[in-house]
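# Close look at the chain arrangement
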Amino acid sequence: MALPADRAVRPALSKLCSQCSSFTARQSRQSAAFLQSAQQRSVSSIRGAQSSPSSSRQAGGITAPVSRPTQTSIISKLPSVVSQSRSKASSSTSFATNEDLAGSGIPSKPILEQDNLFHSFTNSPIPKIRQRAAFIKQHASCPHHSHRPGQFSETSRQVDAESGSQPPKHLDFECPDCGIPVYCSEQHWMDDYEKHLEICDTLRQINEDDHDLHSGRHFYEFNYAGPQMEDAMVNMTNWDTFMYTRQFEAVNDDRCMRQATKLLTYPLTIGSILHELSPYHIRNRLTVEGLKSLTALRYTLHPPKTGGNESIKGLRPEAPPVRLFILGARAESSLPRDAWVQLAHLFPRSRFHLIFIGPESMMNRDDEFPLPPRTPSNPYGAVVEDRVWPTMKISTIVDYYHTIHKTGYFAPHDPYFDAFVLFHPGLGHPASSHEWEETLPMLLETKAPIIATGYTQADMERDVEWVNKKAKGEFDILMEPGENIFRSLRWDLNDLDPQDISAGNWGVWAFRGKRYEATVKDNVIAV
């Protein structure tokens, strides 16, 4: 005779330690409350990142309503969480049943199945992808040498006689293998077929990933891990070891992994450099000056235990939050806040203040929250989200950093508490370098670390060359330029040039304004 359910489970539950049981209960409550909102924000954020290079928000006395789950709403969602657990136990390929997905607003039947993701952009069943194909055909030019005067031929080692013989033309032919418009005609595609083969497989992967994003399936990979147990160490060797040691839901599909890293690359790029268990060290790209700067930040981010608690006797002084200035913010400012909270989970005993600054930092977010007016108490109309996480606060300012720096609004800057992050800044790009000329000297003046990333190796090297040209001898390299361990595994397509493919945060490097140490000897100051 089988034991009742409560009598059978009680011995197993009694063996759990109080710490593990409370940790498990806390994770269950969080996953039940944020399961729906996190997934929808993650999918919309990736779509928004393609079209452009959830908490309390208040600014200047204006506070938006906070959408927090009530106790009733959490209890009402618990049956769906239980059913999801049962479905995972019965089938390793399905994450939730159709009834669960219907209740969460997710289509019970996907628009596209996983074995039917390849479609040409022009004939795609997804309207947004068809619109994207029309945009590419309207703005991108054919890369064939006959449309480019002075094109050098690798075979004859001289200027091609046919180069420039035809006027520039827009794209009108889609490769049948990758389904993306690449040439103006089939003849030109056949002429450059060997060259196109170099990127054809990657373009097909981009095609299928885009259709997967609009397929309507359940994106279980966007269910992020909760707080980390303090005694559990994180392995940052690569994406797999990180997600395993952070207790993420197992991601066994390459496509799902690419979709997940598309968002997580932003917080993890920062965390992998600042963390004490960083894969970058003195024997791996980190310079002596970089070790000095990062040691100062790590001293703040990993404070020793003080024995403090919530009682009067347990009150202890706390360090101010570490300020991360993310300049030129675009898509990263609209990431789901659950993705940025992963940065707070890596440093549980420290506080963060993320400050997104840039003229495009609120792009495509007007419906989410309108910009508040500029007042004496809020001179730059900052949108403040102070309830993202108990140890994290996010501010967004639509303005250039050099405009704010001149007023001393964020002064003083402390290398122990401040760092600057530039995601794909385009420092050396001809179209955007002029916007950084006034900002660069001010960044070097703060003496705080500056972390910069690039879409490709060429993009990163162009930025390094531009900084060398504009501030030669006035900065120190903290981390040598190279490939980012936590880059996005998903490739992106440039709609203005389909031949140009890149990955988010492919490369990363760091620098800082040069510091001059003064020594006093015999009442004479020597620098």
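Every value quoted in this text rests on a predicted model; they were computed, and no experiment measured them.

### Describing the nonpolar core
Phe242, Leu274, Leu324, Trp340 and Met392 are the most contacted members of the largest nonpolar core, which has 54 residues in total. Among the elements that make up this core, the one with the highest residue count is helix α9 (residues 254–274) (9 residues). Apart from residues no more than four positions distant in its own chain, Phe242 is found in contact with Val234, Asn235, Met236, Phe248, Leu268, Leu346 and Phe486. Counting 31 residues, the second largest nonpolar core, distinct from the first, contains Tyr380, Tyr401, Ile404 and Phe420.

### Regarding helix α14 (residues 457–470)
Because each turn of an α-helix spans 3.6 residues, side chains separated by three or four positions end up pointing in the same direction. Along its 14 residues, α14 runs 20 Å from first to last C-alpha, staying within 8% of the 20 Å computed at 1.5 Å per residue. The set of residues buried in α14 consists of Asp459, Met460, Asp463, Val464, Trp466 and Val467. When α14 is viewed along its axis, its buried side chains cluster within an angular range of 160° and face the same direction. Exposed residues lying more than 90 degrees from the buried face of α14 are Ala458, Glu465 and Lys469. Elements that come into contact with the buried residues of α14 comprise α13 (439–446), β12 (450–454), β13 (475–483) and β16 (507–513).

### Describing the pattern of salt bridges
Tallied over the entire structure, the rule returns 24 salt bridges. Residue Arg490 is joined to Asp210 by a salt bridge in which the shortest nitrogen-to-oxygen separation is 2.4 Å. With a gap of 280 residues between them, Arg490 in the loop between β13 and β14 (491–493) and Asp210 in helix α7 (residues 193–213) connect regions that are remote in the sequence.

### Notes on the state of the cysteines
A full pass over the atoms with the stated rule returns 0 disulfides. The thiol sulfur of Cys142 is not disulfide-bonded, and the nearest other cysteine sulfur, from Cys184, lies at 3.6 Å. Since its relative accessible area comes to 3%, Cys142 is described here as buried.

### Quick notes on the environment of Tyr220
Residue position: Tyr220 is located in the loop between α7 and α8 (239–245). Accessibility expressed as a relative area gives 17% for Tyr220, which makes it buried. Between the alpha carbons of Tyr220 and Val251 there is a distance of 8.5 Å; along the sequence they are 31 residues apart.

### A short note on the packing of aromatic side chains
For the structure shown, the criterion picks out 19 aromatic pairs. An angle of 80° between the planes, with centres 5.0 Å apart, marks the rings of Trp239 and Phe486 as edge-to-face. With Trp239 in helix α8 and Phe486 in the loop between β13 and β14, the pair connects residues that are 247 residues apart, well separated along the chain. This pair shows no difference in class: Trp239 is buried, exactly as Phe486 is. Ring geometry for Phe475 versus Phe511: centroids 6.0 Å apart, planes at 80°, classification edge-to-face. Residue Phe475 is located in strand β13, and its partner Phe511 is located in strand β16; the two are separated by 36 residues in the primary sequence.

### Here's the deal with unusual backbone geometry
Looking along the chain, the bond that leaves Ala411 and enters Pro412 is cis, with omega of -5°. Looking at the secondary structure, you find Pro412 in the loop between α12 (401–405) and β11 (418–422). The backbone of Arg285 shows a phi angle near 75°, a positive value even though the residue is not glycine. Considering the arrangement of structural elements, one finds Arg285 in the loop between α9 and α10 (288–301). Its identity is not glycine, yet His424 carries a phi of approximately 45°, on the positive side. The topology assignment puts His424 in the loop between β11 and α13.

### Points about the confidence of the model for the chain
Residues with a pLDDT of 70 or more make up 74% of the chain, whose mean pLDDT is 80. Here residues 155–159 is modelled with pLDDT under 50, and outside its nearest four sequence neighbours on either side it reaches 7 contacts, counting other chains as well.

### Details of the packing of α9 against helix α11 (residues 337–346)
If you want to describe how two helices pack, look at the angle between their axes and the distance between the axes. Closest axis-to-axis distance for the α9/α11 pair is 8 Å, and the angle between their directions is 25°. The orientation of α9 with respect to α11, classified from their angle, is roughly parallel. Classified by chirality, the crossing of α11 by α9 is right-handed. Two secondary-structure elements touch here, α9 through Leu264, Tyr266, Pro267, Leu268, Ile270 and Gly271 and α11 through Ala339, Trp340, Gln342, Leu343 and Leu346. Across the contact of α9 with α11, the residue classes break down as 9 nonpolar, 2 polar and no charged.

### A word on the environment of Asn484
Counting through the fold element by element, Asn484 comes out in the loop between β13 and β14. Separated by 25 residues in the primary sequence, Asn484 and Trp509 place their C-alpha atoms 8.6 Å from one another. Apart from residues lying up to four places away in sequence, Asn484 is in contact with Thr265, Thr269, Tyr280, Asn505, Trp506, Gly507 and Val508. Looking at Asn484, its side chain comes within polar contact range of the side chain of Thr269, at 2.9 Å.

Conventions used here
- Residues numbered from 1 in each chain as written.
- Predicted model: local features only at pLDDT ≥ 70, side-chain atom pairs only at ≥ 80, totals over all residues.
- Heavy atoms only, no water.
- Core = buried A, V, L, I, M, F, W, Y, C linked by side-chain atoms within 4.5 Å.
- Buried < 20%, exposed > 50% of the residue type's maximum accessible area, 1.4 Å probe, protein only.
- Helix = DSSP H or I, 4+ residues; strand = E, 2+ residues; numbered from the N terminus.
- Contact = heavy atoms within 4.5 Å.
- Expected span 1.5 Å × (residues − 1).
- Arc of directions from axis to C-beta.
- Salt bridge = Lys/Arg side-chain N within 4 Å of Asp/Glu carboxyl O.
- Disulfide = S-S within 2.5 Å.
- Phe/Tyr/Trp six-rings, centres within 6.5 Å; stacked < 30°, edge-to-face > 60°.
- pLDDT = per-residue confidence, 0-100.
- Axes fitted to C-alpha atoms, helices over the stretch in contact; angles between N-to-C directions.
- Parallel < 35°, antiparallel > 145°, perpendicular 65-115°, else oblique.
- Left-handed = near helix turned anticlockwise from the far one by under 90°.
- Nonpolar A, V, L, I, M, F, W, Y, C, P; charged D, E, K, R; others polar.
- Polar contact = N/O pair within 3.5 Å; in protein donor to acceptor, adjacent residues only side chain to side chain.

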